[in-house]
Structures are given as C-alpha cells and as structure tokens.
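Single-letter residue listing:
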Amino acid sequence: MRNLTLSRAACRVLLFALALAALLGPATAQGPARRPAPTAPPAQGLVFFTIADRLAALRAGGALPVGQAVGAVPAALDGETVPAARDLGLRLHAPDVPVETILGAVAFPVPGGDLAAKWKGMALRWARDEAVIAGCAAGSCRHAGAAKWLRIREEAARRHGIDRIDHVHAALNRSIHYATDFQINGVADYWASPLESVERAGDCEDYVIAKYMMLRSLGTDPADMRLVALFETVSGQYHAILAVRHAGEWLFLDNKRGGLAREADYTAIRVIATVDESGQAMLVAMPPARREPQLRLGML
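Residues numbered from 1 in each chain as written. Predicted model: local features only at pLDDT ≥ 70, side-chain atom pairs only at ≥ 80, totals over all residues. Heavy atoms only, no water.

(A) Just a nonpolar patch on the surface, in detail. Taken together, Phe108, Val110, Met282 and Val284 make up a surface patch of nonpolar side chains, about 300 Å² in accessible area. By the secondary structure assignment, Val110 is in strand S4 (residues 105–110). A residue is classified by how much of its surface remains accessible, and Val110, at 30% relative accessible area, is partly exposed. (Patch = residues over 30% accessible without salt bridge, like charges linked within 9 Å, V, L, I, M, F, W, Y side chains within 5 Å. Areas by Shrake-Rupley, 256 points an atom, 1.4 Å probe, with all protein chains shown as cover. Salt bridge = Lys/Arg side-chain N within 4 Å of Asp/Glu carboxyl O. Helix = DSSP H or I, 4+ residues; strand = E, 2+ residues; numbered from the N terminus. Buried < 20%, exposed > 50% of the residue type's maximum accessible area, 1.4 Å probe, protein only.)

So this is what it looks like as structure tokens:
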C-alpha cells in the first residue's frame, strides 16, 4: 500500500514536470528558451537606409529588373568620397516640365487673398457691363462707354497676333483718363469694371482689368493673362501691369509705357503677386543662376 502511495506521488510529480516543460518550451544548449520580446512600434521620424538597401528594394518591388546592371556601389560611401552618378547607374537630364517664371519669379497659388477678393467684386460689376455692351451691340446704343468699348473691340478684331495686343494696349491707354482711387471714389483702393474706367477714369489696375477683359472678349485664353502686382524701387510706388503670353513669351501692357514691354525692360522692381479669374498667386523671385531648368537624376 505504501509503495502504491509513493508511485502515485511520483506520477503526480512527473505529470507536473511535463506540464511545466510544455509551458516553458524546449530547452536549448544555451539554457531554457525565452519568450520573444514584444515587437517595438515603428520609430517615428527619420528612416535611414543605404543606397544598396534602396536598390534592393527597387528590385524586390519590380521597379528595377533583377538582371540589370546598375554599377557597383563604391566601398567608400561612408567616407568623404562622393560617387559619380554613373557609378550608381544614374544619369543627369533636364526636367520633363520646366518651371515657368514671370519677371524672373515663380508663382505659387494661395487660397483666398485680398487681390482675389477685389477681382471677384469687380467681376460682378463686369457681368452687368457685359449685359449693357450686348444690348448696345444688338441695336441702337445710347451708352457712351459701351459705344466706345465696341469701337475699340471692332478695330482690334480686324487685327491679329501681336498687332491686336498692341492695338488694345494703345487704344485703352488713350481712352482711360488716369486718376487715383481717392480722386475718383474717395477710397484707398477700388477695382473698377471696364465700363466704369472708360466712362470716368482709373488707375493702374483699372487699365489692366480693361485690357484683360477686352482681349478675353476677342478670344485670348485667360490662362495666358495675368494681372501682375509689383513694387517700383526707384519711385517707391506700387504698380500693376498686364502680362500676356504670346508665342511662348510674356509681353507686358503697362499704362506708363506707350508700347509693349518685355521682361528685360523691368529691372528696378520687386514682384509681389499675380491675380486673374482663377485666383491669386504669390510671386517668389528666383536667383538669376536658377532661372534655367535644373538637372535632375534618372535611372540609366
């Protein structure tokens, strides 16, 4: 009986040992196995990799054929030696879409903006002007401003290309009497509709708006026109001119100039912004050395 009791106790000990071993896992030569440490969450911030890592990832993702030779990665990458582009299977070429500049500056669209708000207010008044002009064009016209507008448009319609642009510029320079917004409306800044300017007077941006709307009515693409706001460093005055793209070149219609101007004619200025019916954009001047399209890297 005693032996049976001991046997039963030994069985219990053996079963407990087996259960404990199954729970802890198999032992190794270095000692009992340990549970794997929990995986740390991905590190936030910068991720560092080598060029070899990047090439391997491109091959694994199918972006780079496995059998394509891309050149050996120099062993001294961790030193001061900078590898040549060809050593890494790269080549230099001009960007597919060159960055467009206007007066040496790049335009960056901005949401809203004070100039865009003024343009929208003027556009509402211009919609009423267009109804008046359409009525005059359909029959007898007793509206002096609309009649003058139609005469200029008919004369310009008989011309083409740069001759049409020049005619609109000169004709509206003659037709609009210059006066400040304080003199005309008693406010610091008011963007008049074209008929308001033709009938009464206007300042620099009013000339621009009238020329923009005249050329637009004659078929010029609005995407090829901008009101450009700038600062004249010599006179210390803010000014506005109309930029019209013709044959891949920006031409400038400036009420201070009798003829069409080009970029080389503007030196002592600081560009500020552009605005048109699509919205407002901030102009950021580019250093002269960076105005040409820059090279970029591509795979051989």
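Moving on from the model shown.
(B) Representation of the nonpolar core. Ranked by size, the top nonpolar core spans 40 residues in total, and within it Trp119, Trp149, Trp191, Met213, Leu215, Leu227 and Leu242 carry the most contacts. The dominant element in this core, judged by the number of residues it contributes, is helix H8 (residues 204–217), at 9 residues. Counting residues in hydrophobic clusters, the runner-up holds 14 residues, among them Ile102, Leu230, Tyr266 and Leu283. (Core = buried A, V, L, I, M, F, W, Y, C linked by side-chain atoms within 4.5 Å.)

(C) The packing of aromatic side chains, seen in detail. Taken as a whole, this structure holds 4 aromatic pairs when the rule is applied. The positively charged end of Arg257 is found above the aromatic ring belonging to Tyr266, 4.6 Å away from the centroid. (Phe/Tyr/Trp six-rings, centres within 6.5 Å; stacked < 30°, edge-to-face > 60°. Lys NZ or Arg CZ within 6 Å of the ring centre and 35° of its normal.)

(D) A look at the pairing of strand S7 (residues 249–253). Buried residues dominate S7, accounting for 4 of its 5 residues. Counted along the chain from strand S6 (residues 237–246) to the antiparallel partner S7, the turn is 2 residues long, and its residue Ala247 has a positive phi close to 55°. (Pairing = 2+ DSSP bridges.)

(E) Representation of the state of the cysteines in the model. In this structure the tally under the stated criterion is 1 disulfide. A sulfur-sulfur distance of 2.1 Å marks the disulfide that ties Cys136 to Cys141. Taking the sign of the S-S torsion, 60° for the link of Cys136 and Cys141, the bridge is right-handed. Judged by relative accessible area, Cys136 falls into the buried class, the value being 9%. What makes Cys141 partly exposed here is its relative accessible area of 30%. (Disulfide = S-S within 2.5 Å.)

(F) View of the packing of helix H4 (residues 144–157) against helix H5 (residues 161–175). Running from N to C, H4 and H5 cross one another at 160°; their axes reach a closest spacing of 9 Å. Between H4 and H5, the angle falls in the class roughly antiparallel. In the packing of H4 onto H5, the handedness of the crossing is right-handed. From H4, Lys148, Ile152, Glu155, Ala156 and Ala157 reach across to H5, where they touch Arg164, His167, Val168, Ala171, Leu172 and Ser175. Grouping the constituent residues of the contact of H4 with H5 by class yields 6 nonpolar, 2 polar and 3 charged. (Axes fitted to C-alpha atoms, helices over the stretch in contact; angles between N-to-C directions. Parallel < 35°, antiparallel > 145°, perpendicular 65-115°, else oblique. Left-handed = near helix turned anticlockwise from the far one by under 90°. Contact = heavy atoms within 4.5 Å. Nonpolar A, V, L, I, M, F, W, Y, C, P; charged D, E, K, R; others polar.)

(G) Up close: the pattern of salt bridges. Taken as a whole, this structure holds 10 salt bridges when the rule is applied. Notably, a salt bridge pairs Arg159 with Asp163, separated by 3.8 Å at the nearest N-O pair. A single network of salt bridges, built from pairs that share partners, joins Glu100, Asp224 and Arg245.

(H) Spotlight on unusual backbone geometry. Here Leu103, not a glycine, exhibits a phi torsion of approximately 55°, which is positive. Positive phi, normally seen in glycine, also occurs at Ala247, with a value near 55°. Given a relative accessible area of 78%, Ala247 falls into the exposed group.

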